[in-house]
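Chain and residue survey
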Amino acid sequence: MEEIVEEGQQFTCKICFEYVHVSNKFIIQDCVYDHFHCTNYASKHMETQVVDYNNSKVTCIDPEYQALYEISRCDSLLFGSTIEKWQRCLCEWVVTSEDGRMAYCPYVDCSKLIVDECTGGQARDVSCPNCKGKQV
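Computed from a prediction, not measured in an experiment: that's the story for all the values here. (Residues numbered from 1 in each chain as written. Predicted model: local features only at pLDDT ≥ 70, side-chain atom pairs only at ≥ 80, totals over all residues. Heavy atoms only, no water.)

Here we come to the overall build of the protein chain. If you tally the helices and strands in the protein chain, you get three helices and eight strands. Reading the helices (α) and strands (β) of the protein chain from amino to carboxyl end gives β-β-β-β-α-α-α-β-β-β-β. Buried positions account for 29% of the 136 residues belonging to the protein chain. Across the protein chain, contacts joining residues at least 24 apart in sequence account for 37% of those joining residues at least 6 apart. Counting only carbon and sulfur atoms, one obtains 50% of the accessible surface of the protein chain, whose full area is about 9,500 Å². (Helix = DSSP H or I, 4+ residues; strand = E, 2+ residues; numbered from the N terminus. Buried < 20%, exposed > 50% of the residue type's maximum accessible area, 1.4 Å probe, protein only. Contact = heavy atoms within 4.5 Å. Areas by Shrake-Rupley, 256 points an atom, 1.4 Å probe, with all protein chains shown as cover.)

Below, the structure written as structure tokens:
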């Protein structure tokens, strides 16, 4: 059964060009252009940015103004695994922005994040605390 929507209770998503009920409108906070789109598109966009591209900063699709999606406003649109990965990406971004003292264990079966807490970013031999493998 098709829901009857009164005029003014729907909008056209600027991404998928579908008519969408206003209850499914996703507005990006702090976007000076008042960009909005449907929650279906928003969730797909966020999931692609986080899962496929390991992106910690998910932004508005408009390249002219890159307003950030806020993870706290998006958790109801995403699967728990996507939220967890986004949180992990944000944590890694914080670590990498601190003096670049981060690397991944080079062993494929490990690939854990290693933070250099002692050498101040100078490369040297270290042992991965997870797999105990030698990293050059």
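We are not done yet, so read on.
Relative to the assigned elements, threonine 82 resides in helix α3 (residues 80-97). Residue contacts for threonine 82: discarding those within four places in its chain leaves Glu47, Val50 and Val51.

A few words on the environment of leucine 90. Along the chain, leucine 90 turns up in helix α3. In sequence terms leucine 90 and lysine 57 are 33 residues apart; their C-alpha atoms lie 7.7 Å from each other. In this structure, leucine 90 is in contact with Ser56 and Ile71, ignoring residues within four places of it in sequence.

This part takes up the environment of asparagine 130. Along the chain, asparagine 130 turns up in the loop between β7 (126-127) and β8 (134-135). With 16 residues separating them in the primary sequence, asparagine 130 and isoleucine 114 have C-alpha atoms 8.8 Å apart. Residues contacting asparagine 130, with those up to four places away along its chain left out, are Cys110 and Lys112.

Ranked by internal contacts, the top residues of the largest apolar core, which has 13 residues, are Met46, Tyr69, Cys74 and Trp86. Counting only elements with at least two residues in this core, the list comes to α1 (39-52) and α3. Setting aside residues up to four positions removed in sequence, tryptophan 86 forms contacts with Met46, Val50, Asn55, Ser56, Val58, Tyr69, Glu70, Ile71, Cys74 and Leu78. In terms of nonpolar packing, the next biggest core, distinct from the first, is built from five residues, Phe11, Cys13, Cys38 and Tyr41 among them. (Core = buried A, V, L, I, M, F, W, Y, C linked by side-chain atoms within 4.5 Å.)

Applying the stated criterion to the full structure yields one aromatic pair. A centroid spacing of 5.6 Å and a plane angle of 15 degrees characterise the contact between phenylalanine 26 and tyrosine 69, whose relative ring orientation is stacked. Taken together, the residues phenylalanine 26 in strand β3 (residues 25-27) and tyrosine 69 in the loop between α1 and α2 (71-74) connect sequence positions 43 residues apart. Across this residue pair, the class does not change: phenylalanine 26 and tyrosine 69 are buried. Sitting over the face of the ring of phenylalanine 11, lysine 25 holds its NZ or CZ atom 5.6 Å from the ring centroid. (Phe/Tyr/Trp six-rings, centres within 6.5 Å; stacked < 30°, edge-to-face > 60°. Lys NZ or Arg CZ within 6 Å of the ring centre and 35° of its normal.)

In this model, α1 (14 residues) spans 19 Å end to end at C-alpha, consistent with the 20 Å of a helix rising 1.5 Å per residue. Within α1, burial applies to Thr39, Tyr41, Ala42, Ser43, His45, Met46, Gln49 and Val50. Once α1 ends, the next one or two residues include asparagine 54, with phi positive near 50 degrees. (Expected span 1.5 Å × (residues − 1).)

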